[in-house]
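# Results of the structural survey
Each chain is listed here by its residues.
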Amino acid sequence: MPFIMPDPAGSSSAVKRACDCCHKRKVKCIGDGTRPCKNCTAAGLTCTYNAIPQKKGPKGSRAKVISELRETQRQTQLAARARHGLGFEASQYATAFSRTPELLSMELITSCVDYFFAKMYPTQPIIHRQKVGETIGQMENSIEAYCLLVSLCAYMLIQPNLNLPAGIIPDQDSPQAKLNMGQTLLEEALRVRKGYDYVESPSVWSIITSFFFFGSYFCLDKHNTAWFHLREATTLAQLLGMHEESHYATDVVEAARRRRLYWLLFVTERAYALQRHRPLTLHATVGLPQLNDDPAETAELNGFIHLVNLFKPFDDSFVGLWNKARVGCSTEWLARLQNQLSDALPTYLHCTESQAVDLRTSQQWLRTMVWQLSISHGYLSSAAQESAMSFKYPIEISRDLIAQSSGFSQGSMEIHGIGLVEKLFDVACTLTDVMSCVPFEQHTFEYGPRDYLNQFLSLISTLRGGQQRYLPLLLSKINDTLPTMPMPGYSMVSVPGGRGRIDEIYDSSNPNSGDSTPFGSPPPQPVAPPLFQSAFGEDFKSLPAPTSTGYPMMTSAAPFPALPAASAIPPLYQDPARSAFSNVTGQAGFDPTG
């Protein structure tokens, strides 16, 4: 675009010239020379025309150039503020709430933002990349912008799968370096945030910051603090009126982002309510996001809407029963809920692979939670016409989950962190309980519950975080509940914990019954093996105990049998980045290279 430059004679002439930042980045400048160009606005840069045009040089990495430009401008702004006594440290904000200088480099911000949009965005589509660039440009002047970016970086650093370029953080080669840096940034954001009244003047930035606090503390296994910040986020959302449809009658693009944020809080709160027996505050009072909100993100939005629909049935009625704060449960209602869950997802999922992992695993985990509620109320029967209301239903759930998990790469599973491992652990523990008390006819060469359990062991031992935290718990439970079942290749680990009754294990008031998604954490004690008694109903007492005949022992030569033929299992999802549907293969487990 032409840049108007006055000449000595007082006239003006149009000179084709890019702004300083676009010139250095070697991109086309989109501006008129009088206002900041669109490229600088999107990248959070100050648009200037001060540089003297020089000859063209070799092109470099544009991402690196942006980081260098941001850092240069940041240092210039800091120096100017220091000279003039400006900046929030020396003005209306107390020194106790001032920012730590040079704590957050532009390279670290860039790495964390890139990781969020590459890995986390499909399941948490609440911020726009261009808006993040604008926020970076405002972080020197706005405490809200600063806290949002610091909390985002803390959240990403606490994730176990983030890989940083060399030299980004101190002592980067240390195994704890990223975690320590994440905790430092978390403390920084919390401290600086006290310098403004975000409660009295809530904003979308404040809500997202609280959500990032929640995710960080959940990953750190600090659940009281995590719950506090989740409730803080939902409360701020209600203060803004996000639970009312009229709130979204403003700017279409901004309204679409806010709608996604509301539904992400909705899903997270329900998952946490099941895991930690908490009450609900948000309800399905506004419309769902629409696929045409952003044509470039149809697959991501489709997967996100499916996730919302999975958790919608778990309303105050279910959570009240789960927490023993309500009565009125019935066999028919539970059966309908199981059927609704079974039909909640289509055969083919048009979404990303990481979303498909979350959806398929969450579906089977939720089916397990409903089954546990059914057994705690004594509504299961060995003669039930509905399979969902029978004692053997967890075997069917395990079959489906193992078949679906085998079609996913390890990388797409590990994106979800420890939460995914916990879902597998919950289902595996329930299967173990059922195997110990429900007779199941299985011929030697059939694929049955024993094989599903071994596949769970394989998955949990392979996924990051599973071998150290959950494999010992599951092995201990199997050893106590199924002492005659051999587990070749696994050494038993002694874990404290005593035996308990089945009505304690599947009691909805038990804080360890139902740990999981989407930010899981391990139970403080291993789930105790059950003694299936009165909770199963009178007709269950006459069932014989399982024997070695009902559960053929596996040989060490084939510890993990192959899954059923691929033709027997429908494809799991359709990732737009792939050329065809991803099908479950005949291989056991998944590709360890991810």
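Scope of this entry: the structure provided in the associated data block. (Residues numbered from 1 in each chain as written. Predicted model: local features only at pLDDT ≥ 70, side-chain atom pairs only at ≥ 80, totals over all residues. Heavy atoms only, no water.)

## So, the overall build of the protein chain
- Scanning the protein chain for helices and strands turns up 21 helices and two strands.
- For the protein chain, buried positions account for 55% of its 594 residues.
- Expressed as a percentage of contacts within the protein chain between residues at least 6 apart in sequence, the contacts between residues at least 24 apart total 74%.
- When the accessible surface of the protein chain is totalled, it reaches about 26,100 Å², and 53% of it is carbon and sulfur. (Helix = DSSP H or I, 4+ residues; strand = E, 2+ residues; numbered from the N terminus. Buried < 20%, exposed > 50% of the residue type's maximum accessible area, 1.4 Å probe, protein only. Contact = heavy atoms within 4.5 Å. Areas by Shrake-Rupley, 256 points an atom, 1.4 Å probe, with all protein chains shown as cover.)

## Section: the nonpolar core
- By size, the foremost hydrophobic cluster in this structure holds 140 residues, and its most contacted members are Leu108, Phe116, Met156, Leu185 and Leu265.
- Broken down by element, this core gets its largest block of residues, 14 residues, from helix α6 (residues 143-158).
- Leave out the neighbours within four places in its chain, and leucine 108 touches Cys153, Leu157, Leu164, Ile168, Ile169, Met181 and Leu185.
- Formed by eleven residues, the second largest nonpolar core is a distinct cluster that contains Cys19, Cys21, Cys22 and Cys37. (Core = buried A, V, L, I, M, F, W, Y, C linked by side-chain atoms within 4.5 Å.)

## A short note on helix α9 (residues 223-239)
- Between its terminal C-alpha atoms α9 stretches 24 Å, which fits the 24 Å expected from 17 residues at 1.5 Å a residue.
- Along α9, the positions that sit buried rather than exposed are His223, Ala226, Trp227, His229, Leu230, Glu232, Ala233, Thr234, Leu236 and Ala237.
- Taken together, the buried residues of α9 touch α7 (177-193), α8 (204-219) and α10 (252-276).
- Positioned one or two residues after α9, glycine 241 has a phi angle of 85 degrees, which is positive. (Expected span 1.5 Å × (residues − 1).)

## Re unusual backbone geometry
- Look at glutamate 102: it is not a glycine, yet its phi comes out positive at around 60 degrees.
- Along the chain, the position of glutamate 102 falls in the loop between α3 (62-84) and α4 (106-120).
- Note on glutamate 102: relative accessible area 68%, which makes it exposed.
- At lysine 324, a position not held by glycine, the phi torsion is positive, near 60 degrees.

## Details of the environment of leucine 261
- Along the polypeptide, leucine 261 turns up in helix α10.
- Considered as a pair, leucine 261 and isoleucine 127 are 134 residues apart in the sequence and their alpha carbons are 8.6 Å apart.
- Contacts of leucine 261, omitting those with residues within four sequence positions, involve Ile126, Val204, Ile207, Ile208 and Met242.

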